[in-house]
Amino acid sequence: MQLPPSLHTSILHSLEDQIAVINQSGNILEVNLAWQNFGCENGMPSGYTCEGFNYLDTLSNAAAAGDNYAGHAFQGIMDVLAGNLEVFYFEYPCHSPNEKRWFTMRVVALHGDESGSLFVISHHNVTQRKLAEERVEELAMKDPLTGLSNRRAFEFFLSSEIRSSIRNQTPIGLVLIDVDYFKNYNDEFGHAAGDQCLINVGQILLAHARRPSDHSARIGGDEFALILGNSPLEIVRQIAESILKSINDLKMLFGDSKQVSVSIGLLSVIPHKNITEDFLFKEADKALYCAKSAGRNQIVAIQSITTMPRTSLEPPSHHESIN
Ligand SMILES: Nc1nc2c(ncn2[C@@H]2O[C@H](COP(=O)(O)OP(=O)(O)OP(=O)(O)O)[C@@H](O)[C@H]2O)c(=O)[nH]1
């Protein structure tokens with residue numbers, strides 16, 4: 001079989017990765033078809049070959065305009081050109097107005113080039129892998145039944161909201177919600193109806209988490225939580241009352257026999273650095289326990305939390321019940 005005369009060029013043009021050869025100054029000497037096509041698909045004139053382009057200039061201009069990825073790529077290439085780094089490998093987002101895209105960039109000295117003045121840059125599209133990773137990440141943070149955040153995500157958001165509240169000295173609200181006598185509900189109406197009930201409660205919580213700093217989560221079987229960033233006690237209380245009412249109103253959806261109620265414990269506090277998420281959660285949980293003990297279908301608010309550095313003793317909390 002006869003191989004094409006310029007076998008290496010043919011191989012280069014057959015590759016899916018975008019490949020360019022640059023010299024020590026960053027001038028592009030040669031690109032493959034994939035590189036040309038990518039340029040044309042992204043605003044370069046048709047027939048664009050990159051000849052005369054200086055890749056380092058392009059990156060440094062983008063970096064000067066605030067593109068940190070371009071700045072990092074520039075530095076990596078400079079390190080390879082200077083011989084300080086054998087291979088530079090970098091993964092970066094390159095989203096277009098229509099789609100999310102990620103690429104890897106690999107920069108290495110041209111193999112077999114004795115002058116040591118030629119370098120190969122290759123870009124590989126890793127979008128499919130990144131989208132799959134994003135999806136896995138999303139699934140790992142979501143409760144599959146209600147679509148709300150799961151406990152893991154809740155803990156993450158709580159800790160991040162506490163840090164933000166400490167920084168800004170704003171009150172963080174925490175609301176814990178537990179369905180009343182849910183075991184009986186399951187026993188009486190069946191597990192599928194129980195699932196539907198949890199979905200409906202989840203939807204109500206979701207509708208009450210309106211701002212970017214609000215997060216609703218299902219943190220256990222019939223236990224839910226709402227984090228309300230920058231919310232004083234009065235606001236947290238109003239939101240909890242609205243949740244309680246909406247859940248009581250679910251019986252209109254189900255018919256009178258399927259009455260649903262919840263017990264709610266809540267607090268709002270401006271935290272300082274000794275306040276942990278575990279501490280806040282336990283305080284709100286104490287209030288929830290009080291709401292259960294006092295007869296359920298009601299709200300108990302922690303009125304004040306001693307925010308002094310903790311010793312081995314739990315600080316005193318003061319509860320107020322709202323029916
Ligand atoms: N349908 C359904 N039930 C669940 C799910 N997860 C947990 N459960 C049930 O939720 C019930 C929770 O009941 P308990 O924690 O004993 O409390 P309760 O009956 O709600 O009583 P109080 O909380 O004291 O008012 C249990 O019977 C669990 O089996 C779920 O995903 N779907």
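The shown structure was predicted, so the numbers you read here are calculated from the model rather than taken from an experiment.

Visitor: Is there a simple way to explain the nonpolar core in this structure?
Guide: One broad trend across soluble globular proteins is that nonpolar side chains are buried collectively. One finds Val175, Ile264, Leu266 and Ala287 to be the most contacted residues of the largest nonpolar core, which totals 48 residues. Counting only elements with at least two residues in this core, the list comes to α6 (151-168), β6 (172-179), α8 (191-208), β8 (223-228), α9 (233-248), β9 (262-269), α11 (277-293) and β10 (299-305). Residue contacts for valine 175: discarding those within four places in its chain leaves Ala225, Leu226, Leu228, Val236, Ala240, Ile264 and Leu266.

Visitor: Can you help me understand the site of the ligand in this one?
Guide: Neighbouring the ligand are 16 residues, the closest being Asp180, Phe182, Lys183, Gly194 and Gly221. Listed by contribution, the elements that provide at least two residues to the shell around the ligand are β6, α7 (182-189) and α8. Per-element tally for the shell around the ligand: the top contributor is α8, with four residues. Counted by class, the shell around the ligand contains five nonpolar, four polar and seven charged residues.

Visitor: Could you clarify how one ought to interpret the sheet that holds strand β1 (residues 18-23) in this entry?
Guide: Hydrogen bonds between backbone atoms are what pair the strands of a sheet, whose relative direction is either parallel or antiparallel. Ordered by their spatial adjacency, five strands build an open sheet running β2-β1-β5-β4-β3, and the pairing between neighbours is antiparallel. The open sheet terminates on both sides in strands that have one partner only, identified here as β2 (28-31) and β3 (87-93). Adjacent strand axes in the sheet meet at a mean angle of 20°, parallel and antiparallel pairs treated alike. Note that β1 and β2 share three bridges and pair antiparallel. For valine 21, the partnering residue across the bridge sits in β2 and is glutamate 30.

Visitor: Where do I start with the domain arrangement of the chain in this structure?
Guide: By a frequent convention, interface size equals the accessible area lost on bringing the separate parts together. Looking at the assigned domains, one finds that the chain contains domain 1 (7-131) and domain 2 (142-322). Computed over C-alpha atoms only, the centres of domain 1 and domain 2 are separated by 50 Å.

Visitor: Any chance you could explain the pairing of β1 here in plain terms?
Guide: Looking along a regular strand, one sees the side chains alternate between the two faces of the sheet. Sheet topology note: the β1/strand β5 (residues 118-125) ladder contains six bridges and is antiparallel. Note that in β5 the partner of glutamine 18 across the bridge is histidine 123. If you look at the hairpin formed by β1 and β2, you'll find four residues sitting between the two strands, and glycine 26 has a positive phi there, around 95°.

Visitor: Is there a simple way to think about the environment of alanine 109 in this case?
Guide: Within the secondary structure, alanine 109 sits in strand β4 (residues 102-109). Residue class for alanine 109 comes out partly exposed when judged on the 16 C-beta atoms lying within 10 Å of it. Taking the C-alpha atoms as reference, alanine 109 lies 71 Å from asparagine 297; in sequence the two are 188 residues apart. Discounting residues that sit within four places of it in the chain, alanine 109 has contacts with Val80, Gly116 and Phe119.

Procedures and definitions
Counting of residues starts from 1 at the beginning of each chain's written sequence and follows it residue by residue. Note on the predicted model: pLDDT of at least 70 is required for a residue's local features to be given, and 80 or more for side-chain atom pairs to be given and counted; whole-chain, interface and lining totals, by contrast, use all residues. Under the definition applied here, buried Ala, Val, Leu, Ile, Met, Phe, Trp, Tyr and Cys residues are grouped into a nonpolar core through C-beta atoms within 7 Å. Here exposure depends only on C-beta density: within 10 Å of a residue's C-beta, 20 or more other C-beta atoms make it buried, 12 or fewer make it exposed, and intermediate numbers make it partly exposed, the C-beta atoms being placed from the backbone. For the purposes of this entry, the term helix denotes a DSSP run of H or I that reaches at least four residues, the term strand denotes a run of E that reaches at least two, and both are numbered from the N terminus. By definition, residues are in contact whenever their C-beta atoms, placed on the basis of the backbone, come within 7 Å of each other. To decide nearness, the C-beta atom of each residue is placed from the backbone, and the residue is near a molecule or strand if that atom lies within 6 Å of it. Under the scheme applied here, ten amino acids are nonpolar (Ala, Val, Leu, Ile, Met, Phe, Trp, Tyr, Cys and Pro), four are charged (Asp, Glu, Lys and Arg), and all others, including Gly, are polar. Pairing between two strands is assigned when DSSP locates at least 2 bridges connecting them. The axes used here are C-alpha line fits, helices contributing only the stretch in contact, and every angle between their N-to-C directions lies in the interval 0 to 180 degrees. Domain delimitation follows an automatic or database domain assignment.

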